[in-house]
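Chain by chain, the residues run as shown.
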Amino acid sequence: MTSYTFELSLAKVSCGGCVRKIEAQLKNQDPNLEIEVTTTRDRAHITTVMKAAEVIEQITQLGYVADLITPNINDASDKKEDIKESKKDNKNDDKASNHPVIETRVAETNAIETDKSNAEESQARESLSELNLLLEGVTCASCVNTIEKALDKPEQIQSLNINFANRTAHLNTSLSNNEVIALIESAGYGASVLFDSERPNPENSASPEDQRAKRDAKEYNQKVTHSKLALALGIPLMLYGVLGGSMSVSTPTEQLIWFIVGVLTLFILVYAGKGYFTGAWKALKNCHANMDTLIALGTGTAWLYSMMVVVLPSAFPTGSAHLYFEASAMIIGLINLGQALELKARGKTSESIRRLLDLKVKTAQVVHHDKDVETAIERVAVGDRVRVRAGEKIPLDGRIDAGQTTINESMLTGEPIPIEKQTGDMVSAGTINEEGSFTFVVTKVGKETRLSQIVNLVEKAQNSKPPISHLADRISAVFVPTVMVLAIVTALVWYNVGIENNVAYMMVAATSVLIIACPCALGLATPISTMIGIGKAAEHGALIRNGESLQQASDIDVMLLDKTGTITQGKPKVVHYQSFSDRVSVLDYVAALEKGSTHPLAQALSQFSANSESWSSESQSREATALDITDFQTHTGIGVSGVLKGEGEGEGEGKVDADGIKQKRILLGNKAMMQHFNIAIEGDAVKYASAWQDEANTLVYFSIDNELTAMFGITDPIREDATSAIARFHRQGIHVVMLTGDNPQTAEAVAKQTGIDEFHANLMPDDKLAHIKAFQAKGRIVGMVGDGINDAPALAQANVGFAIGSGTDVAIESADITLLRSSLHSVSNVIALSSATMSNIKQNLMGAFLYNSLGIPIAAGLLFPMTGWLLSPIVAGLAMSLSSLTVVTNANRLRFYSPR
C-alpha cells in the first residue's frame, strides 16, 4: 500500500492535550500512522497511507486548522528512513541528556535549530498578524457566540479567543484590521483596535489594561447616570402602586396624567435604555437574538401595553386595564444598576495584570560619558549601561557589569528570599534592588523583557477557555431563542386559561419570563474565575499557558519528576575522584572535553578540573598541556568522546592518521558508555563504584585508548523543600514518580530520602515519553515536571507539563505551565489554585443553571395555582441583575485565596 509523507502547519493547537486528540483521531484511520509534532505545536511531520487532504479533513473535524506545507511523496520508502533519522536528530537536539556529561554544543545546536524553525515559521505565516480588539455592544454569551460565527473563517483567521469578562478579542489573522472590524460590525457589534504599550500610536498610546479601565470607567458612569434617572421615575410610581394608588384609567384626568407618565417613561426607555433597544435592533437585522432582545421585548411590551390602555381604556376588559409604566422604568433602572455594580466587581479581576504593569519603570539612569542621564525607557537600547541604586526598581533586563547587590524578585517569581547578585549575573525588569549600587548592560528591551513576556502570556491565557466552558457555550447559543419561545408559550397558556383578568396575567407572566432569563450569569461563570485563577497563579510565580492547562492541573493523579534541578538543587559538585594512571593528566582531558558546556553536572567536572587543589595528585601541572581535541561527539544519554592528536606518545593502541600522527580516543561518560565501547570496569573501580553509589553519587568514568583511567563521584544535594513538597503531593492524592538517567543506586537513595513512591533509572530521553504514555494508557492524568529544555518532548506529551525554575522562551513554548520559582511547592500551589478555580467555576455554573431553572418557571406562574402569587416584572429585573452580580462576587472570592 502506498505511503505518503508530508508536513502540515497547525493552528489552534495550544497544548499537549490537543496533540493527543489529533494523534488519536488519525490513528483511528491508520493505526500505523507516524506523526511528530514540534514542541511549539505549529507543525507536524506525518507518514501515513492517507492522503494529505484526508488528514487535513480529520484534523479540521476536531476544530483545529491544518495546511499543507510540503507536497505528498508517493514513494515514501526511501524518504521514510530520512524522516525517522531527521526526527531522531531533532529529538537529540531538543532534549539534553540526563547524563552529567551531555553534549557541550547542545546550546549552540538548539540555537541553530530555533533559528531554522523561526525562519520556516516566518515563511509559512508571513501574512499572519496578531490583532487585539476591544468589543462594543457585547452583553451576553450569545453575543460572543454570534461574533465567533461571524469570524469563523479558517483560511484567514487561524486562532480566535474572545473574553466575555473583559470584552476583548485576540486573533491571528491575515485580514487587515478594518476587514476584521467590518466582519464584527456586520454581526451587529462594534470593535476598536487595542494597542499595547510597546506598540503605541499617535491616537492612543495607553496600555491595553489602561484602555480597558478607561472604557469600563466611562461605561460605569453612564450606567450609574441611567440607573439614577430611571429609578427616579420608577420608584415613586412603584410606591404609589404599593400604597394603594390606582394603576388604571378611570377618568379623562387620569388618562391625561398617565399619558404624561407614559411619555416620561418613553424618554427613560430612549435615553437610559437606548443601548438595549439598539442592540436588539442590530440583532434582529442580523437574524439572531441576545440579552438586549429580551430586555427590549420585556420593557417595550410593558410600555406599549400600558400606553394602549391609556389611549384606548375601553378596549380592554375590566380588571385587565392595568398600567405597567413603573415596571418598564424600574427594570431599566435595576438592570443598569446591576451592570454598573458588575463592572465595578469585574474590574477587580484584572488586579494581577495591573500589579505586573505597575512594576514597569518609565525612566532609566543611563551611564553616558561617566554621567548618569535620566532617559525615557522607550529610548534605552540594547547595549546601554544603566545604573540602579538601592531601593530602585530595575528598568530592563540585563547583565551586571559592575557591583554586587541583593535583589528582591518576589514580584515575578513568588520567591520571598532576596537573591544575591554579582558581576556577570542576570537581572530582570520590575525586580527591586534592595541594597548597593550597580550598573548593568541592557540585553533586552520592550516586548523582549521577561516582565513584558509574562504580562503578554498572562493576558493571552486569561482570554482562553477551559473545556468546562464549552457546555455553557452550547447552551448560550440557543438560550435566548428558547426563552422567547417560552415567553410566547407562557402568554398563550395564560390567555387561554379562562380566568378573570387573564390578559393582565398574560402580560405580567410573559414580561417576567423575558426579563428574568438573563444569560449574563451563564456567560460570566467561567471567564471571570479563569481570569482570576490565572492571575493568582502569576502572583505566585506560575505562568499558565491556557485555560485547558488550568483545568487539567486539578485532575492530576500522577506526577513525574525529573531528578537533576527538580528534586535536587541542580548545582552538583565532584566529591570523589580516583585516578588509575600516573602517566596522564586526566583533569586536562576532562577540562578540554567539558569546555563550554552549560549542563550542571558537566560544569561540576569543569570546576573540579579547574580547582588548583585537584591537581596535587596529577603528574603534570595545569598549564603543562595544550590539548588538541578533535572529532568531538555526543552520545545521547551516555556521554561524550573525542580524539586527541599527539606525537605517538602515551599508552594504548591508538590510531595513526595519514600524516603519521597518533590519535588517542578519549571517552567520558557513564557505565553504559563504557559498555558501549567495551571498556572493562573491574578491580578497585567496582569497589569505588559500590561505595560511592551508596552515598547517592552519580558515577562518571574516563577512558583513554580503551583503558579505564579514572572515575568521578558527583553529588547533587537534594533541595531543602523537596521532601515537604513531595509529602504535600501525597496529601493532594498524587502518586509521585521520579524519572532519571542516573544509576539505580543513586536514584533509590534519592527516592528513599524524599519519600518518592516509584522511580525509574538509567533512562534514555525517549524512555520518559514511554513512561508517560504508559500511565496515560491506564487512564491516569499525568503531570510532568522538568527544566523545560531537556525534557521538552516529555513536557509536551504529559497532560500538564511544568517547566520549573527556568522561565525561558523555550520553557514557555514546551510546557503548559512555567514556574519562575525553582521549588516543587510551586507545582503544588498551581494544583491547589487549579482545584480552587475549578470549584469556583462549578459553583458559578451551578448557580446560573439553578437560577434559570427555578426563575423561569416561577416567572411563568408555576406557583400561582398554589399561592395565587405571580412574580412582578420588577422583581424579575432585580433578580436578573443580582444573578450576574452574584457570579462576579463569587468569582472574586478567588482573589483572597492563598494555597496552604
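In this numbering scheme, every chain counts its residues from 1 along its sequence in written order. With pLDDT at 70 or above as the cut-off, local features in this predicted model cover only qualifying residues; side-chain atom pairs require 80 or more to be listed or tallied, and sums for whole chains, interfaces and linings still use all residues. The side-chain values count all of the structure's non-hydrogen atoms but skip hydrogen atoms and water molecules.

**Focus: the nonpolar core**
Inference 1: Definition used in this section: a nonpolar core is a set of buried Ala, Val, Leu, Ile, Met, Phe, Trp, Tyr and Cys residues joined via side-chain atoms within 4.5 Å. Per-residue accessibility, obtained with a 1.4 Å probe over protein chains only, is compared with the maximum for each type, and a residue is labelled buried under 20%, exposed over 50%, and partly exposed between these values. Membership of the largest hydrophobic core comes to 104 residues, with the highest contact counts inside it found for Leu133, Ile184, Trp258 and Phe325.
Inference 2: Dropping the residues within four chain positions of it, Trp258 is found in contact with Leu237, Tyr240, Ser246, Met247, Ser248, Val249, Val310, Leu323 and Phe325.
Inference 3: Membership of the second largest hydrophobic core comes to 47 residues, among which are Ile454, Ile567, Val800 and Ile831. Note on contacts: a residue pair is in contact if any heavy atoms of the two residues lie within 4.5 Å.

**Focus: empty space enclosed by the protein**
Inference 1: With a 1 Å grid laid over protein atoms only, a set of points is called a cavity when a 1.4 Å probe fits there but cannot get out and a pocket when it is open yet has protein on both sides within 12 Å along at least five of seven lines; lining residues have an atom within 4 Å of a point. Grid points are joined across faces, edges and corners, and a volume is the space filled by probe spheres set on the points. A complete count under the given rule lists 3 cavities of 30 Å³ or more for this structure.
Inference 2: Helix numbers and strand numbers start at the N terminus; a helix is a DSSP run of H or I with at least 4 residues, a strand a run of E with at least 2. At the level of secondary structure, the elements contributing two or more residues to the lining of the largest cavity comprise α5 (141-150), β6 (157-163), α14 (450-463), α15 (469-496), α17 (520-524) and α18 (527-539).
Inference 3: Considering only residue class, the lining of the largest cavity consists of 9 nonpolar, 10 polar and 3 charged. We call Asp, Glu, Lys and Arg charged. Ala, Val, Leu, Ile, Met, Phe, Trp, Tyr, Cys and Pro are nonpolar, and the rest, Gly among them, are polar.

**Re the sheet that holds strand β8 (residues 190-193)**
Inference 1: A sheet is described by the order of its strands in space; here 4 strands give the open sequence β6-β7-β5-β8, paired in antiparallel fashion. The two strands at the open ends of the sheet, each matched to only one other strand, are β6 and β8. Looking at each pair of strands side by side, their axes are set apart by 25 degrees on average, direction ignored. Between any two strands, at least two bridges found by DSSP are needed for them to pair. Between the N-to-C directions of two axes lies an angle of 0 to 180 degrees, each axis being a line fitted to C-alpha atoms and, for a helix, fitted only over the stretch in contact.

**Digging into the environment of Gln211**
Inference 1: Residue position: Gln211 is located in helix α7 (residues 208-242).
Inference 2: With relative accessibility at 8%, the residue Gln211 sits in the buried group.
Inference 3: Sequence separation between Gln211 and Leu134 is 77 residues; the distance between their C-alpha atoms is 8.7 Å.

**Topic: the side chain of Asn132**
Inference 1: Relative to the elements of secondary structure, Asn132 occurs in strand β5 (residues 129-136).
Inference 2: The buried category is assigned to Asn132, whose relative accessible area is 18%.
Inference 3: Within the local environment of Asn132, its side chain forms a polar contact with the side chain of His170, the two groups lying 2.7 Å apart.
Inference 4: If we skip the residues at most four places from it in the chain, Asn132 touches Ala169, His170, Ser192, Val193 and Leu194. Here a polar contact means two N or O atoms within 3.5 Å. Within protein one must be a hydrogen donor candidate and the other an acceptor candidate, and residues neighboring in sequence count only if both atoms are side-chain atoms.

**Observations regarding the packing of α15 against helix α30 (residues 824-860)**
Inference 1: The contact between α15 and α30 brings their axes to 10 Å, and the two run at 10 degrees. Here α30 runs roughly parallel to α15, going by the angle between their axes. Contacts between α15 and α30 involve Leu471, Ala472, Ile475, Phe479, Val483, Leu486, Thr490 and Trp494 from the former and Leu845, Phe849, Asn852, Ile856 and Ala860 from the latter.
Inference 2: Split into classes, the residues belonging to the contact of α15 with α30 amount to 11 nonpolar, 2 polar and no charged. By the definition adopted for this analysis, an angle is roughly parallel if under 35 degrees, roughly antiparallel if over 145, roughly perpendicular if from 65 to 115, and oblique otherwise.

**Points about helix α26 (residues 744-754)**
An α-helical turn contains 3.6 residues, so any two residues separated by three or four positions project in the same direction.
Inference 1: Regarding α26, the residues found buried are Thr746, Ala747, Ala749, Val750, Ala751 and Thr754.
Inference 2: If you follow the buried residues of α26, they end up packed against α20 (563-567), α24 (684-694), β25 (698-704), α25 (722-731), β27 (735-739) and β28 (758-760).

**A closer look at the pairing of strand β2 (residues 34-37)**
Inference 1: Judged by which residues are buried, β2 turns out to be one-sided: Ile35 and Val37 face inward and are buried, whereas Glu34 and Glu36, on the alternate face, are not.
Inference 2: Relative to strand β3 (residues 43-48), β2 runs antiparallel, the two being bridged by 4 bridges. Considered in β3, the bridge of Ile35 is made with Ile46.

**Some details on the packing of helix α8 (residues 252-271) against helix α11 (residues 325-346)**
Inference 1: Running from N to C, α8 and α11 cross one another at 20 degrees; their axes reach a closest spacing of 10 Å. On the basis of the axis angle, α8 is roughly parallel to α11. Note on packing geometry: the crossing formed by α8 with α11 is left-handed. Here Trp258, Val261, Gly262, Thr265, Ile268 and Leu269 of α8 come into contact with α11, specifically with Phe325, Ser328, Ala329 and Ile332.
Inference 2: The residue makeup of the contact of α8 with α11, split by class, is 7 nonpolar, 3 polar and no charged. Take the far helix as your reference; a near helix turned counterclockwise from it by less than a right angle gives a left-handed crossing, and one turned clockwise gives a right-handed crossing.

**Some words on the layout of surface pockets**
Inference 1: Space inside the second largest pocket adds up to approximately 1,300 Å³.
Inference 2: Along its surface, the second largest pocket is lined by 41 residues, and Glu136, Gly137, Arg215, Glu219 and Gln222 are the ones closest to its centre.
Inference 3: At the level of secondary structure, the elements contributing two or more residues to the lining of the second largest pocket comprise β5, β8, α7, α9 (274-285) and α11.
Inference 4: In terms of residues, the lining of the second largest pocket owes the most to one element, α7, which gives 8 residues.
Inference 5: Considered class by class, the residues forming the lining of the second largest pocket number 13 nonpolar, 16 polar and 12 charged.

**Some details on a nonpolar patch on the surface**
Inference 1: On the surface, a cluster of nonpolar side chains totalling about 630 Å² of accessible area is made up of Leu256, Phe259, Ile260, Val263, Leu264, Val311 and Leu312.
Inference 2: When residues in the nonpolar patch are grouped by element, the largest group, 5 residues, is from α8.
Inference 3: Residue classification places Ile260 among the partly exposed residues on the basis of a relative accessible area of 45%. Two joining distances apply to patches: 9 Å for like charges and 5 Å for nonpolar side chains (Val, Leu, Ile, Met, Phe, Trp, Tyr), and every residue must have over 30% relative accessible area and no salt bridge. Here, Shrake-Rupley sampling with a 1.4 Å probe gives the accessible areas, and only protein chains in the shown set may cover a residue. Salt bridges are defined as contacts in which a side-chain nitrogen from Lys or Arg sits within 4 Å of a carboxyl oxygen from Asp or Glu.

**Topic: unusual backbone geometry**
Inference 1: Although it is not a glycine, Asp705 adopts a positive phi angle of roughly 50 degrees.
Inference 2: Along the chain, the position of Asp705 falls in the loop between β25 and β26 (707-715).

**Quick word on the confidence of the model for the protein chain**
Inference 1: The predicted model of the protein chain averages 79 in pLDDT, with 83% of residues at 70 or higher.
Inference 2: Along the chain, pLDDT gives the predictor's confidence residue by residue, from 0 to 100. Taking the mean pLDDT of every element in the protein chain, the minimum, 40, falls on helix α3 (residues 76-94) and the maximum, 94, on α8.
Inference 3: Every residue in residues 73-126 scores below 50 in pLDDT, and together they form 95 contacts with partners more than four places removed in sequence or on other chains.
Inference 4: This stretch, residues 615-625, has a pLDDT under 50; its non-local contacts, to residues over four places away or in other chains, come to 24 contacts.

**Side note on the pattern of salt bridges**
Inference 1: Across all of its chains, the model carries 11 salt bridges by this definition.
Inference 2: Salt-bridge contacts for Arg389 lead to Asp372; the nearest nitrogen and oxygen are separated by 2.8 Å. Taken together, the residues Arg389 in the loop between β11 (385-388) and β12 (397-402) and Asp372 in strand β10 (residues 371-376) connect sequence positions 17 residues apart.
Inference 3: Using a relative accessible area of 33% as the deciding quantity, one classes Arg389 as partly exposed.
Inference 4: For Lys421, the salt bridge goes to Glu409, with nearest N and O atoms at 3.4 Å. Of this pair, Lys421 sits in strand β14 (residues 419-421) while Glu409 sits in the loop between β13 (405-408) and α13 (410-413), and the two are 12 residues apart along the sequence.

**Examining the packing of aromatic side chains**
Inference 1: Stacked, edge-to-face and tilted labels apply to pairs of Phe, Tyr and Trp rings (six-membered ring for Trp) whose centres lie within 6.5 Å, assigned for plane angles under 30 degrees, over 60, and everything in between, in that order. Using the criterion set out here, one finds 14 aromatic pairs in the structure.
Inference 2: Look at Phe438 and Phe440: their rings are 6.2 Å apart centre to centre, the planes differ by 40 degrees, and that puts the pair in the tilted class.
Inference 3: Taking relative accessible area as the criterion, Phe440 reaches 0% and is therefore assigned buried.
Inference 4: Both rings, one in Tyr577 and one in Phe608, keep their centres 5.5 Å apart while their planes meet at 65 degrees; by these two values the pair is edge-to-face. With Tyr577 in strand β20 (residues 573-579) and Phe608 in helix α22 (residues 600-610), this pair connects stretches of sequence that are 31 residues apart. Comparing Tyr577 with Phe608 shows no difference in burial state: the two are buried.
Inference 5: Through a chain of ring-to-ring contacts, the aromatic side chains of Tyr240, Trp258 and Phe325 assemble into a single cluster.

**Some words on the environment of Gly533**
Inference 1: Within the secondary structure layout, Gly533 lies in helix α18.
Inference 2: Exposure remark for Gly533: the relative accessible area of 2% places this residue in the buried category.
Inference 3: Between the C-alpha atoms of Gly533 and Thr837, which are 304 residues apart in sequence, the distance is 5.6 Å.
Inference 4: Leave out the neighbours within four places in its chain, and Gly533 touches Thr837 and Leu894.

**Quick look at the sheet that holds β28**
Inference 1: Reading across from one edge, β18-β31-β30-β29-β19-β27-β28 is the order of the 7 strands in this open sheet, with mixed pairing throughout. Each edge of the open sheet is held by one strand with a lone partner, namely β18 (542-544) and β28. Averaged over all pairs of adjacent strands, the angle between strand axes in this sheet comes to 20 degrees, irrespective of strand direction.
Inference 2: Relative to β27, strand β19 (residues 558-562) is paired through 5 bridges, and the arrangement is parallel. Bridge pairing links Leu561 to Met738 in β27.
Inference 3: Sheet strands in contact with α26 are β27 and β28, and its direction is about 160 degrees off that of β28.

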